[in-house]
Amino acid sequence: MARNSVMVDIREDIYHRLFEDYDSPVLLINVENGNIIEANNAAVEFYGYSKEVLVSKSLKEICLFGTSLIKDRHHQSLHRLASNEIKEVEVHNLPIVLEGEVYIFSIVYDLSKHVEKEIKQRDYLTGLLNRKFFLEETETHINYCKTSEEKFGLLLMDINEFKDINDSLGHNIGDKILIEISRRLLELKTDKHLIARLGADDFAILCKLQEDEEILEYAKRAMAKMQMPFLIDNITFHLTPNMGISIYPQDGNNVEDIIRAADIALSKAKEQLGERLCFYSVEMSNELRNKILYPNLLVNAITNNEISICYQPIIDIEKDKKIVGLEALLRWKNPILGDVSPDIFIPLAEKTGQIVSIGYWVFEQVCKQINDWNKKGYTPIPISVNVSVKQLEQNGFSQSIIKLLKDYGIDSGRIELEITESVSSGDIEIIVNNLRKLKFNGFKILMDDFGTGFSSLGQLDLFELDKLKIDKIFIDDIVNVTKRQNLVRSIISMRKSLNLTVVAEGIETKEQFYYLKDLGCDLGQGYYFSKPLSTDAIESFLESQNMIEN
Ligand code: C2E
Ligand code: CA
Ligand code: CA
């Protein structure tokens, strides 16, 4: 009896010394559910919660990572205090069994005093590496890879809904989501990964894996973790992660380039419908370049004299290839970009609206050219100008062109307008109004690229066309592909009843030419006769064809 009470006294003494009075924080944790059952005074002081609050928490709420390490006797981790400050800690675990259940005494040693430096490397909210340190580490790793010739993947991840959640539900919930994201990322962390929060919901992972497939597999696992529901303050969130991946050294050999490449891949990933995960490719950079660089350089293209017009002859197929017109085609040569194809810059100019001023500039240049050629005595022939649907959608378009020709003293019969089937999907009322006014003033209207769009012949009637230009793709296969032959044949056979002149574009061979001649096609254009030529070259060409009167 006496011995028993002595033992109890000793145990209580040990309990006090080892627990209550111990000068490091000690937590008693239920291994099964991670709930904190007891905490000593040092723990109350260290974490900054009242005892009641501390023992109502689970380990998950204070421990940023390492909860799965609970059974390890010693490990390092990051613990969050009530003040939200994050402390680097070393944890020593002592398992005990009480009434059949397994508990752990976790003795927590505050390492922060020794690791001030490391704390500076951490993101205050999530305990992940911060931006500055992550960039430094990436640079160090690149230097290492330069000699070891190793590869690595750089993953950037963000969350589609994050900004909306943060803005609508407040930063408190936003912060909790970020903390949970970090926790999930840390669950996948091995010594091959550096994980950082670069800012807001931008996460970065340096993945020291050597095979693209391994990196992809890791990325997919991380994405899958983010797609699991987030239960925050009793609200269940379903988040959509986006991820961009770049690979060192192929996508960049310095920190800036490798991150930029991952960032480009990330913005591409966001455009995707299914899995929003993208590896970087050079094409993406070019695409982005198109998006940003081209429109900015195009703004000054006219004033910098970078834009010019070349002319391609249009010939009469029946009358021995006599030149009956010229098509004005834009050219852009930029000091940085070199020659840029109109197939690239015209759609861009249409998107930005620059086509309106560029298009007007073309008309003006053509007017000047006509007057110049008139003076030089060239045989007067019409010049076709390509007109974008965006120009036709401008209310004052027809008036501005009519006035321009008047100012230059040029007859409207000298300019023909090439429109495309995209007019059918434009603002039809304004377009038709413009075209009617132009027709009324003597301009001829041609439907370009015919056969590639969706317009019906009925719709064509609406635009009061004078000519149809059959698209090059039909001419390409005309000698061999029956389906294409039939289309061309039927258009040509209908031209008389529709009162339309038919032009075939992109004629490259003798066979195509004679085939079209046999079908009775009126006019033709293509490399077979001449490529588009600069002003000087077209003058020589016209002279060689006796198109000058002196
Ligand atoms: P488009 O109006 O269909 O012009 C015909 C295109 O076919 C031109 O390309 C011409 O160089 C090319 N071509 C002509 N004959 C042949 C041939 O025999 N073989 C091959 N392979 N190609 C041939 P380009 O000059 O690159 O122009 C591309 C497009 O850019 C034009 O197609 C037109 O839609 C647009 N474009 C050009 N200039 C202007 C402009 O001033 N305004 C507007 N809105 N669009 C323009
Ligand atoms: Ca054209
Ligand atoms: Ca065309």
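Cut-offs used in this document
Residues numbered from 1 in each chain as written. Chains lettered and ligands numbered in written order. Predicted model: local features only at pLDDT ≥ 70, side-chain atom pairs only at ≥ 80, totals over all residues. Heavy atoms only, no water. Donors = N, O, S within 2.8 Å, 3.2 Å for Na, K, Ca; no water. Helix = DSSP H or I, 4+ residues; strand = E, 2+ residues; numbered from the N terminus. Pairing = 2+ DSSP bridges. Axes fitted to C-alpha atoms, helices over the stretch in contact; angles between N-to-C directions. Contact = heavy atoms within 4.5 Å. Phe/Tyr/Trp six-rings, centres within 6.5 Å; stacked < 30°, edge-to-face > 60°. Buried < 20%, exposed > 50% of the residue type's maximum accessible area, 1.4 Å probe, protein only. Lys NZ or Arg CZ within 6 Å of the ring centre and 35° of its normal. Arc of directions from axis to C-beta. Domains from an automatic or database assignment. Near = heavy atom within 4 Å. Polar contact = N/O pair within 3.5 Å; in protein donor to acceptor, adjacent residues only side chain to side chain. Areas by Shrake-Rupley, 256 points an atom, 1.4 Å probe, with all protein chains shown as cover. 1 Å grid on protein atoms, 1.4 Å probe; cavity = no way out; pocket = protein on both sides within 12 Å on 5 of 7 lines; lining within 4 Å. Points joined across faces, edges and corners; volume = space filled by probe spheres on them. Nonpolar A, V, L, I, M, F, W, Y, C, P; charged D, E, K, R; others polar.

**Observations concerning the coordination of the calcium ion (ligand 3)**
On the protein side, the calcium ion (ligand 3) has Asp448 (OD), Asp449 (OD), Glu505 (OE) and Glu505 (OE) as donor atoms, found 2.1 to 2.5 Å from it. Metal-to-metal, the separation of the calcium ion (ligand 3) and the calcium ion (ligand 2) is 4.1 Å; aspartate 448 coordinates the two. Here aspartate 448 is found in strand E19 (residues 444-450), whereas its partner glutamate 505 is found in strand E21 (residues 501-505), with 57 residues between them in sequence.

**A look at the sheet that holds strand E9 (residues 202-207)**
One open sheet holds the five strands; their spatial order is E8-E9-E7-E12-E13, and the pairing between them is mixed. Pairing within the sheet leaves two strands with one partner each, and these edge strands are strand E8 (193-199) and strand E13 (277-279). For this sheet, the mean angle separating the axes of adjacent strands, direction not counted, is 20 degrees. For strand E12 (residues 241-248) and E13, the ladder comprises three bridges, and the chain directions are parallel. Note on E13: the bridge partner recorded for glycine 244 is cysteine 278. On the sheet, helix H8 (residues 171-187) packs against strand E7 (152-159), E8 and E9 and is oriented at approximately 10 degrees with respect to E9. Across the sheet, helix H9 (residues 212-227) lies against E7, E8, E9, E12 and E13, angled at about 160 degrees from E12, the strand it touches most.

**Describing the packing of aromatic side chains**
By the definition in use, this model includes 12 aromatic pairs. Centre to centre, the rings of tyrosine 311 and tryptophan 373 are 5.2 Å apart; their planes meet at 65 degrees, and the pair counts as edge-to-face. Here tyrosine 311 is found in strand E14 (residues 307-316), whereas its partner tryptophan 373 is found in helix H13 (residues 355-376), with 62 residues between them in sequence. Tryptophan 373 matches tyrosine 311 in its accessibility class, with the two residues each being buried. Consider the rings of phenylalanine 513 and tyrosine 514, whose centres lie 5.0 Å apart with planes at 75 degrees: the pair is edge-to-face. Residue classification places tyrosine 514 among the partly exposed residues on the basis of a relative accessible area of 42%. Taken together, the ring pairs connect Phe513, Tyr514, Tyr528 and Phe529 into an aromatic cluster. In this structure, arginine 484 is placed above the aromatic ring of phenylalanine 474, and the distance from its NZ or CZ to the ring centre is 5.3 Å.

**Focus on helix H20 (residues 510-519)**
Among all positions of H20, only Gln512, Phe513, Tyr515 and Leu516 are buried. Down the axis of H20, the buried side of the element spans an arc of 165 degrees, and every buried residue falls inside it. Pointing more than 90 degrees away from the buried face of H20 are the exposed residues Lys510 and Asp518. Immediately beyond the C-terminal end of H20, within one or two residues, lies glycine 520, with a positive phi of roughly 90 degrees.

**Overview of the coordination of the calcium ion (ligand 2)**
Protein-derived coordination of the calcium ion (ligand 2) comes from Glu327 (OE), Asn386 (OD1), Glu418 (OE) and Asp448 (OD), at a distance range of 2.2 to 2.3 Å. Between the donor residues of the calcium ion (ligand 2), the gaps in sequence give the motif E-x58-N-x31-E-x29-D. By relative accessible area, glutamate 327 is classed as buried at 4%.

**Some points on the domain arrangement of the chain**
Split into domains, the chain comes out as domain 1 (8-114), domain 2 (122-280) and domain 3 (294-544). Centre-to-centre separation of domain 2 and domain 3, based on C-alpha positions: 50 Å.

**What to know about the site of ligand 1**
Neighbouring residues of ligand 1: 21 residues in total, closest Gln312, Arg331, Asp448, Glu508 and Tyr527. Here a nitrogen atom of ligand 1 sits 3.1 Å away from a polar atom, N or O, in the main chain of leucine 330. Between glutamate 508 and ligand 1, the recorded distance is 2.5 Å, taken from a side-chain N or O atom to a nitrogen atom. Protein contact buries 84% of the 800 Å² of open area that ligand 1 shows by itself.

**Quick word on helix H12 (residues 342-352)**
Taken as a whole, H12 has its buried residues at Phe345, Leu348 and Ala349. Looking straight down H12, one finds that the buried residues subtend no more than 100 degrees of arc, so they occupy a single side. Every exposed residue of H12 that faces more than 90 degrees away from the buried side is listed here: Asp343 and Lys351. Buried residues along H12 sit against helix H11 (282-299), strand E15 (322-334), strand E16 (338-340) and H13. The distance from a side-chain oxygen at the start of H12 to the backbone nitrogen of aspartate 343 is 3.0 Å, and the residue carrying that oxygen is serine 341. Looking one or two residues beyond H12, the residue adopting positive phi is glycine 353, at roughly 90 degrees.

**So, the pairing of strand E17 (residues 383-386)**
Judged from the three bridges that link them, E15 and E17 form a sheet pairing that is parallel. Pairing of alanine 328 across the sheet is with valine 385, part of E17. Pairing between E17 and strand E18 (residues 415-419): four bridges, direction parallel. Following the sheet pairing, asparagine 386 is matched in E18 by glutamate 418.

**Here's the deal with empty space enclosed by the protein**
On inspection of all chains with the given rule, the structure shows two cavities of 30 Å³ or more. Of the voids in this model, the second largest cavity is the one considered here, and its volume is about 60 Å³. Surrounding the second largest cavity, Leu326, Trp373, Tyr378, Thr379, Pro380, Ile381, Ile383, Arg414, Leu542 and Met547 form its lining. In terms of residue class, the lining of the second largest cavity is built from eight nonpolar, one polar and one charged.

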